[in-house]
There are 2 protein chains.
Amino acid sequence: MRLQVALDGTLAESLTVLEAVHPYVDIAEIGTPLILREGVRAITASRQLYPNLPLLADFKIMDAGEIEAAIAFDAGADIVTVLGVTQEATLASVITTAQRYDAEVMVDLMQVPADRASGFLEIGCDYLCVHTSTDMRSMTPVAGLEALRYGIPHAPLAVAGGIRLETIDLLATLNPRIIIVGSAITRAADPAAAAQQFKERINAHARLS
Amino acid sequence: MRLQVALDGTLAESLTVLEAVHPYVDIAEIGTPLILREGVRAITASRQLYPNLPLLADFKIMDAGEIEAAIAFDAGADIVTVLGVTQEATLASVITTAQRYDAEVMVDLMQVPADRASGFLEIGCDYLCVHTSTDMRSMTPVAGLEALRYGIPHAPLAVAGGIRLETIDLLATLNPRIIIVGSAITRAADPAAAAQQFKERINAHARLS
């Protein structure tokens, strides 16, 4: 299980957080609001500061798959997100472009019917992300992750949406490949300490399994 | 019928095109790839150069409705796009935020079942956009526009996807509120002449109706 921190503030705030947390995270996500504010300079700045840290560009691609995926990878991203609700032609373009860059594709399953999920792996996507919307704060992604884990036992899953330190033990039983944490790290009083706690909790489960 | 030009190149290319075409267009769209490359500076730069030109930010919002819509409107956009496939809570957040800024919301109908379209107007969206994906080049949005026009006769519709000068006469019979043109203007040998031709063709139909 890998820990991904989702950076969603301004570029200055995000780089301050990243400086504090980078020793504890496996992937840094350049979140959608950060991309909308700053464009790819949020990716290039992170890449320049941390040459070996895997970066995910949360572009949520819906159209123009080749053009948009190339923008992410040219800027230095290792993984780009595409919306599972998009048309197949766009998914195919994103996958082909990722292969050309030796990069990876995460499908955001928001609003995708559960029975469509396995199809994304068959066509070459690398990760399926169970994602509870920021706008539905009372929901958690646990039930969705559970359904997907039992439906596709070996799927490389990611999980995002309001994840707290207390959620990790439950999530870990479902063995996601990537656990995505946003505000519980980025808005913690001490982001470095929070990231370290998440990493240690995740590692404890890895040692047990 | 209003003419919207979709700017999708680099910022420098887009500002060059905008300088040439702004006398002929009613709305300038800051397209998704341009936003991904440059962030909101593509909006602020256009706003600064053309204080009175309506600007649409093609954010294709899928999550975090309030945060993302506010990013667009704070930068000077008059209209923001939201994906019709998103959850209702996100749509509601985008609409509420637009009302707070006295701004407008266009729903992108890509991948939305036809029978859901009228619901977007009932909850307060301003325009419904029939949008053929860039990744499905053999498709045109004409059939979708026709179905929607007969389904919701008075709906404020927008139409996008591979529109050429020759398509205008057919589209005009369906009375869209906004006709969105991308490469047929931005990649024309003479973008100003192309925009003028589109505007004149659209105006000819307006005089007839």
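For every chain, the first residue of the written sequence is number 1, and numbering continues from 1 along that sequence. Chains and ligands are labelled by the order in which they are written, letters from A for the one and numbers from 1 for the other. Given that this is a predicted model, residues contribute local features only at a pLDDT of at least 70 and side-chain atom pairs are listed and counted only at 80 or more, while totals for whole chains, interfaces and linings are drawn from all residues. As a convention, hydrogens and water are excluded, and side-chain values are obtained from all of the structure's heavy atoms.

A run of DSSP states H or I qualifies as a helix once it reaches four residues; a run of E qualifies as a strand once it reaches two. Both are numbered from the N-terminal end. A tally of regular secondary structure across chain A gives ten helices and eight strands. The C-alpha radius of gyration of chain A comes to 16 Å, within 12% of the 17 Å expected for a compact globule of 209 residues. Within chain A, the fraction of its 209 residues that count as buried is 58%. Throughout, a contact is declared for two residues whenever any of their heavy atoms are within 4.5 Å. Across chain A, every contact between residues at least 6 apart in sequence was considered, and the portion connecting residues at least 24 apart equals 60%. Looking at chain A as shown, the accessible area adds up to about 8,600 Å², and 51% of this sits on carbon and sulfur atoms. Throughout, radius of gyration means the C-alpha value; the globule benchmark is 2.2 Å times the number of residues raised to the power 0.38. Categorising residues by exposure relies on relative accessible area from a 1.4 Å probe, with only protein chains included: less than 20% of the type maximum marks a residue as buried, more than 50% marks it as exposed, and the intermediate range marks it as partly exposed. Accessible areas in this description were obtained via Shrake-Rupley with a 1.4 Å probe; residue shielding takes into account the shown protein chains only.

This brings us to the relation of the copies chain A and chain B. For the least-squares superposition of copies, only C-alpha atoms count, and only for residues with pLDDT at least 70 in both. With an RMSD of 0.0 Å, the fit of chain A onto chain B corresponds to turning through 180° and sliding 0.0 Å along the axis. Read as a symmetry element, the transformation amounts to a two-fold axis. By C-alpha distance to the rotation axis, the residue of chain A lying nearest is Gly 39 of chain A, at 1.9 Å. Of all interface residues in chain A, 100% are interface residues in chain B too; the two copies therefore contact each other through one and the same surface.

On to the side chain of Lys 199 of chain B, then. Mapped onto the secondary structure, Lys 199 of chain B falls in helix 10 (residues 191-208). Look at Lys 199 of chain B and you get buried, because its relative accessible area is 16%.

Hydrogen bonding along the main chain pairs the strands of a sheet, whether they run parallel or antiparallel. Residue and element names in this part refer to chain B. When DSSP finds two or more bridges between two strands, those strands count as paired. If you trace the eight strands once around the closed barrel, you get 1-2-3-4-5-6-7-8, paired in parallel fashion. Strand-to-strand twist in this sheet, taken as the mean axis angle between neighbours without regard to direction, amounts to 25°. Where strand 2 (residues 27-30) lies against strand 3 (residues 55-61), three bridges are found, and the strand directions are parallel. Bridge pairing in strand 3 places Glu 29 opposite Leu 56. Lines fitted to C-alpha atoms define the axes here, with helix axes fitted over just the stretch in contact, and angles between the N-to-C directions of these axes take values from 0 to 180 degrees. Its contacts with the sheet put helix 5 (residues 88-100) on strand 3, strand 4 (79-83) and strand 5 (104-108), and the angle it makes with strand 5 is roughly 155°.

Here a cavity means grid points, on a 1 Å grid over the protein atoms only, where a 1.4 Å probe fits yet cannot get out; a pocket means an open set of points with protein on both sides within 12 Å along at least five of seven lines; lining residues are those with an atom within 4 Å of a point. Grid points are joined across faces, edges and corners, and a volume is the space filled by probe spheres set on the points. In the structure shown here, the tally under the stated rule is one cavity of 30 Å³ or more. Counted as a void, the largest cavity has a volume near 140 Å³. Phe 59 and Lys 60 of chain A together with Thr 32, Phe 59 and Lys 60 of chain B are the residues nearest the centre of the largest cavity, which is lined by 17 residues in total. Only helix 2 (32-38) and strand 3 (55-61) of chain A together with helix 2 (32-38) and strand 3 of chain B provide two or more residues apiece to the lining of the largest cavity. With four residues, strand 3 of chain B is the single largest residue contributor to the lining of the largest cavity.

Every contact between the two is made by 32 residues of chain A and, on the other side, 32 residues of chain B. By convention, the term buried area covers the 1.4 Å-probe accessible surface removed from two parts as they join, with the contributions of both added. When the two sides are added together, the surface that chain A and chain B hide from each other amounts to roughly 2,700 Å², 61% of it contributed by carbon and sulfur. Looking only at chain A, the three residues that lose the most surface to chain B are Leu 36, Asp 63 and Asp 135 of chain A, adding up to 24% of its buried area. Any Lys or Arg side-chain nitrogen located within 4 Å of an Asp or Glu carboxyl oxygen qualifies as a salt bridge. Applying the counting criterion to the chain A and chain B interface returns zero salt bridges.

Residues and elements named next belong to chain A. Strand order in the closed barrel made by the eight strands is 1-2-3-4-5-6-7-8, with parallel pairing throughout. In this sheet, adjacent strand axes meet at a mean angle of 25° when their direction is disregarded. Relative to strand 8 (residues 178-181), strand 7 (residues 157-160) runs parallel, the two sharing three bridges. Directly across from Ala 160, in strand 8, lies its bridge partner Ile 180. Taken strand by strand, helix 3 (residues 41-49) contacts strand 2 (27-30) and strand 3, and its axis lies near 165° from that of strand 3.

Take unusual backbone geometry next. Positive phi values are uncommon outside glycine, yet Asp 102 of chain A reaches one of about 55°. Structurally, Asp 102 of chain A is set in the loop between helix 5 (88-100) and strand 5 (104-108). Backbone geometry at Gln 111 of chain B places phi at a positive 65°, although glycine is not the residue there. Positionally, Gln 111 of chain B belongs in the loop between strand 5 and helix 6 (117-122).

Taken over all residues, the pLDDT of chain A has a mean of 96, while the share at 70 or more is 99%. Reported confidence for the predicted complex is 0.96 by ipTM and 0.97 by pTM. Known as pLDDT, the predictor's per-residue confidence is scaled from 0 to 100.

Note on soluble globular proteins: their nonpolar side chains tend to be buried together. As used in this record, nonpolar core signifies buried Ala, Val, Leu, Ile, Met, Phe, Trp, Tyr and Cys residues forming a set joined through side-chain atoms within 4.5 Å. Membership of the largest hydrophobic core comes to 136 residues, with the highest contact counts inside it found for Ile 43, Phe 59 and Leu 128 of chain A together with Ile 43, Phe 59 and Leu 128 of chain B. Excluding residues within four positions of it along the chain, Phe 59 of chain B makes contact with Leu 36 of chain A together with Ile 35, Val 40, Ile 43, Glu 68, Ile 71, Ala 72, Val 80 and Thr 81 of chain B.

Turning next to the side chain of Thr 132 of chain B. With respect to the element layout, Thr 132 of chain B can be found in the loop between strand 6 (127-131) and helix 7 (142-151). Every residue in contact with Thr 132 of chain B, bar those within four places of it in the chain, is listed here: Met 110, Met 139, Thr 140, Pro 141, Ala 160 and Gly 161 of chain B.

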